[in-house]
Amino acid sequence: MNLSVQLAPKRKKGLRLANPVMTASGTFGWGTEYQHLFDIQRLGAIVCKGTTLKPREGNPQPRIAETPCGVLNSIGLQNIGVEAVLKEKAPVWAGWRVPVIVNIVGIRIEDYARLASMLDGVAGISGLEVNIGCPNIEAGGVEFGTRPEPAAEVTAAVKRATSLPIMVKLTPKTGDIAEVAKAVENAGADAVSLINTPRGMVIDIAKRKPLLGNKYGGLSGPAIRPIALHMVYSVAGAVEIPVVGMGGIATSNDALQFIMAGASAVGVGTANFTNPGAPLDILDGIEQFMAKEGVEDITELIGAGRG
Ligand SMILES: Cc1cc2nc3c(=O)[nH]c(=O)nc-3n(C[C@H](O)[C@H](O)[C@H](O)COP(=O)(O)O)c2cc1C
């Protein structure tokens with residue numbers, strides 16, 4: 001059976017994954033935290049936590065609230081900063097078989113370009129995921145992803161600054177996500193990933209104030225799955241480049257729905273918090289489905305359920 005997928009078909013070197021199951025940014029640390037728990041080299045790719053130019057402390061606590069069928073988070077991009085990623089993480093990743101994709105996020109377009117050029121050509125880094133939709137920071141970030149023009153501007157700036165494959169991560173906080181996807185495709189994105197988290201909130205009625213320190217957060221988990229699936233379906237119908245689908249994927253059945261909607265690969269996020277082995281369980285389930293259905297190549301399933 002062939003499970004491998006190509007996420008940057010327009011690039012000479014491409015970005016080939018051994019299988020379509022990736023981790024979603026911010027839910028699997030730097031990958032290093034999990035390497036002693038199970039064989040992370042079996043994953044299709046690891047996407048690391050959002051990386052900024054300078055280290056960030058993140059938002060005030062509490063930063064996590066459970067909701068029905070989901071989680072609200074307002075981490076606020078806590079991370080070690082790009083220099084520490086280059087010094088401490090990339091040399092470890094360089095020894096891995098699994099490709100690592102670095103998620104980058106900035107406040108200004110120049111930040112994205114600078115991050116992209118700093119990460120260019122570094123051993124251990126196979127691609128960039130450009131986050132233009134973080135719901136948890138006040139300025140920048142999410143604002144770029146809400147309309148096609150700024151989304152295209154960020155993409156073009158990153159494209160100019162690096163030779164790495166670029167996957168642009170889209171936010172649901174927009175009028176027509178397919179229009180934003182088309183704009184970043186035209187600006188040179190090799191792939192798109194979606195969805196980032198939509199904003200939500202919880203109020204603590206005893207304290208008479210929002211539960212999260214940042215007042216609002218990003219909603220993830222099964223609660224957003226049907227919305228994410230429909231957005232992946234819409235985007236896959238609008239662009240030629242590969243689509244990576246995520247949002248509430250917890251089982252192989254969920255992952256297969258995204259693949260059949262048109263996703264070439266899937267990201268597993270919140271499910272990692274209850275079962276860090278979820279991505280590999282999902283991979284096993286996809287393989288079992290293919291064996292049962294007599295599917296020899298995963299590409300036969302991509303878009304197979306669009307109707
Ligand atoms: C705690 C937490 C932190 C996250 N941090 C990031 C981040 O740094 N960058 C990013 O692009 N997405 C981030 N995300 C969004 C996820 O990568 C993913 O797009 C979203 O959670 C939907 O997938 P899921 O429902 O499987 O979690 C984060 C999500 C969670 C739950």
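Below or above, wherever it landed, is the structure these notes cover.

As a structural note, the neighbourhood of the ligand is formed by 23 residues, with S25, K169, G221, G248 and T270 the closest of them. For the ligand, an oxygen atom lies 2.7 Å from a polar atom in the backbone of G248. In this structure, G269 approaches the ligand through a main-chain N or O atom, which is 3.1 Å from an oxygen atom. Contact with the protein chains hides 97% of the accessible area of the ligand, taken as 610 Å² for the molecule alone.

Below, the discussion takes up helix α3 (residues 148-161). Its 14 residues give α3 an end-to-end C-alpha distance of 20 Å, which sits within 8% of 20 Å, the value for a rise of 1.5 Å per residue. When α3 is considered as a whole, its buried residues turn out to be P150, A151, A152, V154, T155, A157, V158 and A161.

What follows deals with the packing of aromatic side chains. The tally for this structure, following the rule as stated, stands at three aromatic pairs. Measuring from centroid to centroid gives 4.1 Å for F28 and Y34, while their planes differ by 5°, and the two rings are stacked. You can call Y34 buried: its relative accessible area is 15%. Each residue in the set F28, Y34 and F38 is aromatic and connected to the rest through ring pairs, giving one cluster. Over the ring of Y233 we find R306; its NZ or CZ atom is 4.2 Å from the centre of that ring.

This part takes up the sheet that holds strand β8 (residues 127-131). Across the sheet, eight strands lie side by side as β3-β16-β15-β10-β9-β8-β7-β4; this open sheet has parallel pairing. One side of each edge strand has no neighbouring strand; the edge strands of this open sheet are β3 (21-23) and β4 (46-47). Both strand β10 (residues 191-194) and strand β15 (residues 243-246) contribute to a ladder of three bridges, which runs parallel. Bridging from a neighbouring strand, V192 pairs with V243 of β15.

We now examine the sheet that holds strand β5 (residues 64-67). Here we have four strands laid out as an open sheet, ordered β5-β6-β14-β11, and antiparallel in their pairing. In the strand order of this sheet, the two ends are held by β5 and β11 (199-200), each with one partner. Across four bridges, β5 lies against strand β6 (residues 70-73) in antiparallel orientation. Note on β6: the bridge partner recorded for A65 is L72.

What counts, and at which threshold
Residues numbered from 1 in each chain as written. Predicted model: local features only at pLDDT ≥ 70, side-chain atom pairs only at ≥ 80, totals over all residues. Heavy atoms only, no water. Near = heavy atom within 4 Å. Polar contact = N/O pair within 3.5 Å; in protein donor to acceptor, adjacent residues only side chain to side chain. Areas by Shrake-Rupley, 256 points an atom, 1.4 Å probe, with all protein chains shown as cover. Helix = DSSP H or I, 4+ residues; strand = E, 2+ residues; numbered from the N terminus. Expected span 1.5 Å × (residues − 1). Buried < 20%, exposed > 50% of the residue type's maximum accessible area, 1.4 Å probe, protein only. Phe/Tyr/Trp six-rings, centres within 6.5 Å; stacked < 30°, edge-to-face > 60°. Lys NZ or Arg CZ within 6 Å of the ring centre and 35° of its normal. Pairing = 2+ DSSP bridges.

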